[in-house]
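For reference, the chains in residue letters:
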Amino acid sequence: MSSKAPSTSPDANTPLLSVQDLQTHFPVKRGLLQRTVDQVRAVDGVSFDLKPGETLGLVGESGCGKTTVGRTLLRLIKATGGRVMFEGRNVFDFNSEELRSWRRDVQIIFQDPGGSLNPRMRVGGLVGEPLVVHGLASGDELRVRVEELLERCGLWKQAADRYPHEFSGGQRQRIGIARALALQPRLIVCDEPTSALDVSIQSQILNLLADLQDEFGLSYLFISHDMAVVHHVCDRIAVMYNGKIVEMGDRDRIIHDPSHEYTQALLSAVPEPDPRREKNRVVYEGMRM
């Protein structure tokens, strides 16, 4: 597969993506007339930058809003307020043509590899669909590019003729990664890409993502609830609680010297591999137990 050279910037610290005061609220409707009586503030003023080639981990308990952040910045969910700047351009101002072009630069890997793949389509059609939609390949060229993508993601070229249900969970996630990689994006939102997989398979997928990042200069927004995983793969970590980022910094500082009580509570919930060692459980008011 031909690699796309990462974009060069006069300043390596210039953000590829800048999320500014992002807000996503969902109305609560009641009564016969379904009047709006309240708002669920799923994302309530989130801001962060992501540099080229960087992996930023977005962590927090279930329901904290981290997945909503990822889907809102991709415009899969409508934002209530804020801005998402990609190379200095506001994504929320894009018209349909600009948005279609931008989709080539930004992709997503979903949490459930099975649910994200159309069971009625063969793998070749699933991986090749983005190339067809954007008019980048057809016929024999399309077949060759699909086979290259599958092999680069650890599968075999004959997998193109099979259906998703014929593969294991880890193999289906590799298919999802191949599909996300098809358009040679610069940013991939990884929405808990390993949480549905066995531990042994998780490490293989994480190593694959790391290799692809090195090869293609990718940036990752890595959404997860697993502090051990984000410590392994991320450069920086942002901790979310109740729709807000409560702490953000270098991964080692967040893991070894967290300043926010909620971060301390998350870390204390990580299982201790040695059963002989006692671990003090920190409980943060409002956490789901």
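As the structure is a prediction and not an experimental result, all values here were calculated from the model.

Parameters at a glance
Residues numbered from 1 in each chain as written. Predicted model: local features only at pLDDT ≥ 70, side-chain atom pairs only at ≥ 80, totals over all residues. Heavy atoms only, no water. Helix = DSSP H or I, 4+ residues; strand = E, 2+ residues; numbered from the N terminus. Buried < 20%, exposed > 50% of the residue type's maximum accessible area, 1.4 Å probe, protein only. Lys, Arg positive; Asp, Glu negative; His and termini not counted. Salt bridge = Lys/Arg side-chain N within 4 Å of Asp/Glu carboxyl O. Contact = heavy atoms within 4.5 Å. Phe/Tyr/Trp six-rings, centres within 6.5 Å; stacked < 30°, edge-to-face > 60°. Pairing = 2+ DSSP bridges. Axes fitted to C-alpha atoms, helices over the stretch in contact; angles between N-to-C directions.

Caption draft 1: Fine view of the side chain of R179. Mapping R179 onto the fold places it in helix 5 (residues 169-181). In this structure, R179 is buried with no salt-bridge partner, the nearest side chain bearing the opposite charge being E129 at 5.4 Å. Apart from the residues within four sequence positions on either side, R179 is in contact with F110, S116, L117, L126, V127 and P130.

Caption draft 2: The packing of aromatic side chains, seen in detail. Applying the stated criterion across every chain yields a total of four aromatic pairs. Ring geometry for W156 versus F167: centroids 5.9 Å apart, planes at 35 degrees, classification tilted. With W156 in the loop between helix 4 (139-152) and helix 5 and F167 in the loop between helix 4 and helix 5, this residue pair connects regions lying 11 residues apart in the sequence. Here the aromatic rings of Y241 and Y262 are separated by 4.6 Å at their centres, their planes lie at 45 degrees, and the arrangement is tilted. Pair noted here: Y241 is in strand 9 (residues 236-241) and Y262 is in helix 9 (residues 261-268), with a separation of 21 residues, a long-range link. Grouping residues by exposure puts Y241 and Y262 together as buried.

Caption draft 3: How the structure looks around the sheet that holds strand 7 (residues 187-191). What the six strands build is an open sheet, ordered 6-7-8-3-9-10; its pairing is mixed. Single-partner strands in this sheet number two, and they are strand 6 (106-109) and strand 10 (244-250). Strand-to-strand twist in this sheet, taken as the mean axis angle between neighbours without regard to direction, amounts to 15 degrees. Contacts from helix 6 (residues 199-216) reach strand 3 (55-59), strand 6 and strand 8 (219-224), with the element oriented near 160 degrees to strand 8.

Caption draft 4: Summary view of the sheet that holds strand 5 (residues 89-90). Pairing within the open sheet is antiparallel, and its four strands lie in the order 2-1-4-5. Looking along the sheet, the strands with just one partner apiece sit at the ends: strand 2 (35-50) and strand 5. As paired elements, strand 1 (residues 17-30) and strand 4 (residues 81-86) share five bridges and run antiparallel to each other. Bridge assignment links Q23 to a residue of strand 4, and that residue is G81.

Caption draft 5: Layout of the pattern of salt bridges. Enumeration over the complete set of coordinates arrives at 13 salt bridges. R89 is paired through a salt bridge with E98; the nearest N and O atoms lie 3.5 Å apart. Using a relative accessible area of 43% as the deciding quantity, one classes R89 as partly exposed.

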